[in-house]
Amino acid sequence: MDDLILEVQHLTHQFRLTKNLVIKAVDDLSFQIRRGEIFGLVGESGSGKSTVARCIMNIYQPSSGRIFYNGINVCDPKEFRKHKKILQTSRQLIFQDSASSLNGRMQVADIIGEPMEIHHIKPPRGSLRAEAEFQLHSVGLDKSYLNKYPTELSGGMRQRVAIARALSMEPELLVADEPIASLDVSIQAQIINLFKHLQAEHDFSILFIAHDLSVVKYLCDRVGVMYRGKLVEVAQTKELFSSPKHPYTKTLLSAIPVPDPRRERTRVLQEFDPALFEWDGKLVEISPDHLVWKGGNQ
Ligand SMILES: Nc1ncnc2c1ncn2[C@@H]1O[C@H](COP(=O)(O)OP(=O)(O)O)[C@@H](O)[C@H]1O
Ligand SMILES: [Mg+2]
């Protein structure tokens, strides 16, 4: 049996906008993340990725469904309260825009040390400052950054600080919600490499959210593709890229630029026609570890 760190079962979340208008942001979604795995969740803007992340992190209480983290049903308020400290420390969320998620009035040393203070965790390396220096080092920044403010840092450096802050909790699960989307392309690869390297070093699991497939190709072990609140395909990364099955996955793949300029000029951008999506369907395992959304009449 797989050793699962996260099990999302039939997760549904809707937002009530007005008395008569409800948006189903996430619709009956199920997937698992194995221990030590990097799982990519991909889909266009508005497909429900952040809502999934927020339900997993207990920021939203799902409308229905269950989420098990290390066997704990985090949606059950009683279980949440019972395991609150472990849930708040061993799961860490990294946002797209660290400019707004990091406190601009705090220096880097305090930003990294703050979660340890809040959760009354004794710094393993003696002091909060020593701990901050250690974690900064592990994300590739030296101690000269300890006294800097977020505004003095580039986007990539701020994201490194956000990662260092998360690492200080020795997480078992990192949820990274489009962590490179607001970075320059040249910096994106560096941060992806950092995630890869940190995962190998710490062996934690990562839910890595992105809006295009090129980002997850190198990083993720498995990928789930979301379309309008639903998962339409889940497969090992290699399999998804070599034999995509759902038309929407194929559309996303066609959007990836190719390095060869001649082929790039002739690349055909496919479009996905929402009218063709069969809402009445389900995810079917077509081969081991490869699930595809199939309409009711297929
Ligand atoms: N707080 C909210 N209130 C109302 N609607 C929301 C809220 N957050 C997200 N939505 C809606 O839910 C859908 C999914 O959003 P989101 O999870 O942010 O998608 P993604 O992260 O894939 O861009 C979108 O239609 C969005 O407009
Ligand atoms: Mg989002």
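The structure this text deals with has already been given above.
An account of the accompanying structure is given in this report. (Residues numbered from 1 in each chain as written. Chains lettered and ligands numbered in written order. Predicted model: local features only at pLDDT ≥ 70, side-chain atom pairs only at ≥ 80, totals over all residues. Heavy atoms only, no water.)

### What about the environment of Phe68?
Note on placement: Phe68 falls in strand E4 (residues 64–69). By relative accessible area, Phe68 is classed as buried at 16%. Through-space distance from the C-alpha of Phe68 to that of Ile56 is 8.7 Å; in sequence the pair is twelve residues apart. Not counting residues within four places of it along the chain, the set of residues in contact with Phe68 comprises Ile5, Leu6, Glu7, Gln9 and Asn73. (Helix = DSSP H or I, 4+ residues; strand = E, 2+ residues; numbered from the N terminus. Buried < 20%, exposed > 50% of the residue type's maximum accessible area, 1.4 Å probe, protein only. Contact = heavy atoms within 4.5 Å.)

### Thoughts on the site of ligand 1
Looking at ligand 1, the residues that line it are Phe15, Leu17, Ala25, Glu44, Ser45, Gly46, Ser47, Gly48, Lys49, Ser50, Thr51 and Tyr60. Within the backbone of Gly48, an N or O atom sits 3.0 Å from an oxygen atom of ligand 1. One of the side-chain N or O atoms of Ser50 is found 2.8 Å from an oxygen atom in ligand 1. Here ligand 1, which alone exposes 550 Å², has 65% of that area covered by the protein. For the shell around ligand 1, the per-class residue count stands at four nonpolar, six polar and two charged. (Near = heavy atom within 4 Å. Polar contact = N/O pair within 3.5 Å; in protein donor to acceptor, adjacent residues only side chain to side chain. Areas by Shrake-Rupley, 256 points an atom, 1.4 Å probe, with all protein chains shown as cover. Nonpolar A, V, L, I, M, F, W, Y, C, P; charged D, E, K, R; others polar.)

### Here's the deal with helix H11 (residues 247–254)
Counting buried positions along H11 gives six out of eight residues, so the element sits mostly inside the fold. Along H11, the residues that are buried comprise Tyr248, Thr249, Thr251, Leu252, Leu253 and Ser254. Along its buried surface, H11 packs onto strand E3 (38–42), helix H9 (213–219), strand E9 (222–227), strand E10 (230–236) and helix H10 (237–242).

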